[in-house]
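# Secondary and tertiary structure notes
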Amino acid sequence: MNVEQKIIQLLGLATRAGKVVTGEELVVREVQAKRARLVIISEDASANTMKKITDKCSFFNVEKHVFGDRVLLGHAVGKESRVVLAITDAGFSSKFSEYLNEYTRR
């Protein structure tokens, strides 16, 4: 199983566990409240959304990764297309961090 498949499976598991928040405004709220441990944004996000999420994550010291497109992220969490996701659990976020760092190194 490749790293991309592992990330997608872990997204599904985290969603079923109730540890994923989707949607730009809800993710920003979680980041500001310091509940978001890691943020995943799609590669096809608009420049405005990318800047807003990047700035919030930098200011509040939340790890951010760019992965997949909006359809892939939406499918992974069992919804329509999603541009940005926040992981709110420390255990899931550390595993996501490991996989996403491996994904970006290839």
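That block above? That's the structure.
In short, a report on the structure. (Residues numbered from 1 in each chain as written. Predicted model: local features only at pLDDT ≥ 70, side-chain atom pairs only at ≥ 80, totals over all residues. Heavy atoms only, no water.)

## Description of the overall build of the protein
The helix and strand inventory of the protein stands at 5 helices and 4 strands. The secondary structure elements of the protein, listed N-terminal to C-terminal, are α-β-α-β-α-β-α-β-α. Residue burial in the protein is summarised as follows: out of 106 residues, 41% are buried. Here the analysis covers contacts within the protein between residues at least 6 apart in sequence; of these, 80% occur between residues at least 24 apart. Of the roughly 5800 Å² that the protein leaves accessible, carbon and sulfur atoms contribute 47%. Each charge sign in the protein was given a centre, from 17 positive and 13 negative side chains, and these centres are 5 Å apart. (Helix = DSSP H or I, 4+ residues; strand = E, 2+ residues; numbered from the N terminus. Buried < 20%, exposed > 50% of the residue type's maximum accessible area, 1.4 Å probe, protein only. Contact = heavy atoms within 4.5 Å. Areas by Shrake-Rupley, 256 points an atom, 1.4 Å probe, with all protein chains shown as cover. Lys, Arg positive; Asp, Glu negative; His and termini not counted. Charge placed at Lys NZ, Arg CZ, Asp CG, Glu CD.)

## Quick notes on the pairing of strand S3 (residues 63–66)
The sheet contact formed by strand S2 (residues 38–41) and S3 spans 4 bridges and is parallel. Note on S3: the bridge partner recorded for Leu38 is Glu63. The β-α-β motif built from S2, the intervening helix H3 (residues 47–59) and the parallel element S3 has right-handed crossover chirality. (Pairing = 2+ DSSP bridges. Right-handed = clockwise from strand over helix to strand, strands pointing away.)

## Observations concerning the pattern of salt bridges
Under the defined criterion, the tally for this structure stands at 6 salt bridges. Among the ionic pairs, Glu24 bridges to Lys52, the shortest N-O distance being 3.3 Å. Of this pair, Glu24 sits in helix H2 (residues 24–32) while Lys52 sits in helix H3; the two residues are 28 residues apart in sequence, bridging distant segments of the chain. Residue classification places Glu24 among the partly exposed residues on the basis of a relative accessible area of 25%. For Asp55, the salt bridge is made with Lys51, and the minimal N-O distance between the two is 2.6 Å. Note that Asp55 and Lys51 are positioned in helix H3 at a spacing of 4 residues, about one turn of the helix. A residue is classified by how much of its surface remains accessible, and Asp55, at 39% relative accessible area, is partly exposed. (Salt bridge = Lys/Arg side-chain N within 4 Å of Asp/Glu carboxyl O.)

## Here we look at the packing of helix H1 (residues 3–16) against helix H5 (residues 90–105)
Contact geometry for H1 and H5: axes closest at 9 Å, N-to-C directions at 160°. With respect to each other, H1 and H5 are oriented roughly antiparallel. By crossing handedness, the relation of H1 to H5 is classed as left-handed. Contact residues: H1 offers Val3, Glu4, Lys6, Ile7, Leu10, Leu11, Leu13 and Ala14, while H5 offers Phe92, Lys95, Phe96, Tyr99, Leu100, Glu102 and Tyr103. (Axes fitted to C-alpha atoms, helices over the stretch in contact; angles between N-to-C directions. Parallel < 35°, antiparallel > 145°, perpendicular 65-115°, else oblique. Left-handed = near helix turned anticlockwise from the far one by under 90°.)

## Some remarks on the sheet that holds strand S4 (residues 84–87)
As summarised here, the arrangement of the 4 strands in space is S1-S4-S2-S3, forming an open sheet in which the pairing is mixed. Bordering the open sheet on either side are strand S1 (20–22) and S3, each of which pairs with just one other strand. Each adjacent strand pair in this sheet contributes to an overall mean axis angle of 20°, direction not counted. With 3 bridges connecting them, S1 and S4 associate as antiparallel partners. Across the sheet, the residue bridging to Thr22 is Leu85, located in S4. In this fold H1 packs onto S1, S2 and S4, with an angle of close to 95° to the strand it touches most, S1.

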